[in-house]
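Inside the fold
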Amino acid sequence: MTVVREISTENFEDLPGTMPSPFTPPLLLQNRDLQTTLASLWPRRLLASRRASPLLRHSRKLILNCGDGIRLLGAYSARAENRRGLVTLIHG
């Protein structure tokens, strides 16, 4: 896999588009187990799938070969306007 641009993660405040302060949930949602449970309930999944459907309709599935037998499954969705770069999100 080719690295397009490597950035230091030591000082995130210097990166464009980053938040100046850490995430602080509302008082009733500060329990991380409650956040996980609420995120997996059917109303949340239904809303997320409805919002993601236009993006998923216009995307194509890819397998990224990272070497050493490592492959990542992903979805690629190109934007017709405002082509300023590619963002890769890896969640693990």
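Rules used throughout
Counting of residues starts from 1 at the beginning of each chain's written sequence and follows it residue by residue. Only residues with pLDDT of 70 or above have their local features reported here, since the model is predicted, and side-chain atom pairs are shown and tallied only from 80 upward, although totals for entire chains, interfaces and linings are computed over all residues. The side-chain numbers reported here are obtained from all heavy atoms of the structure, hydrogens and water having been left aside. Counting from the N terminus, the helices are the DSSP runs of H or I reaching at least four residues and the strands are the DSSP runs of E reaching at least two. The rule is simple: take the accessible area with a 1.4 Å probe, protein chains only, and divide by the maximum for that residue type; under 20% is buried, over 50% is exposed, in between is partly exposed. Here, residues are in contact when the closest pair of their heavy atoms is within 4.5 Å. Put simply, a patch holds well-exposed residues, over 30% relative accessible area, that have no salt bridge, with like charges counted together within 9 Å and Val, Leu, Ile, Met, Phe, Trp or Tyr side chains within 5 Å. Working definition of accessibility: Shrake-Rupley area with a 1.4 Å probe, residue cover restricted to the visible protein chains. The term salt bridge refers to a pairing of a side-chain nitrogen on Lys or Arg with a carboxyl oxygen on Asp or Glu at a separation within 4 Å. One bridge is not enough; two strands pair if DSSP finds at least two bridges between them. Summary of the metric used: pLDDT quantifies the predictor's per-residue confidence within the range 0 to 100. To estimate how far a helix should extend, the number of its residues minus one is multiplied by 1.5 Å. Two axes define the bend at a residue: one fitted to the seven residues ending there, one fitted to the seven starting there, and the bend is the angle between them.

1. Description of the overall build of the chain
Within the chain, the regular secondary structure consists of two helices and two strands. Seen in sequence order, the chain has helices and strands lined up from the N terminus as α-α-β-β. By the burial criterion, 2% of the 92 residues in the chain qualify as buried. Pairs at least 24 residues apart make up 6% of the contacts formed inside the chain by residues separated by at least 6 positions.

2. A word on a nonpolar patch on the surface
A cluster of nonpolar side chains, namely Leu28, Leu29, Leu34, Leu38 and Leu41, defines an oily patch on the protein surface of about 430 Å² accessible area. For leucine 38, the position within the fold is in helix H1 (residues 32-39). Residue leucine 38 is classed as partly exposed on the basis of its relative accessible area of 38%.

3. Points about the pairing of strand E2 (residues 70-76)
The sheet contact formed by strand E1 (residues 60-67) and E2 spans seven bridges and is antiparallel. Among the inter-strand pairings, glycine 67 is bridged to a residue of E2, identified as isoleucine 70. Counted between consecutive antiparallel strands, the loop separating E1 from E2 contains two residues, among which aspartate 68 sits at a positive phi close to 55°.

4. Description of the confidence of the model for the chain
Here the chain averages 76 in pLDDT, and 73% of its residues register 70 or above. Mean pLDDT in the chain bottoms out at E2, which sits at 83, and peaks at H1, which reaches 88. With pLDDT under 50 throughout, residues 2-9 is counted as low confidence; its partners more than four residues away or in other chains account for one contact.

5. A short note on helix H2 (residues 42-57)
Counted at 1.5 Å a residue, the expected span for H2 with its 16 residues is 22 Å, and the 21 Å between its end C-alpha atoms agrees. Roughly 35° is the biggest bend found in H2, and it falls at arginine 51, with proline proline 54 one to four residues downstream.

6. Remarks on unusual backbone geometry
Glycine aside, a negative phi is what most residues show, and trans is what most peptide bonds show. The phi dihedral of aspartate 68 falls on the positive side, at around 55°, and the residue is not glycine. Tracing the backbone shows aspartate 68 in the loop between E1 and E2. The exposed category is assigned to aspartate 68, whose relative accessible area is 82%.

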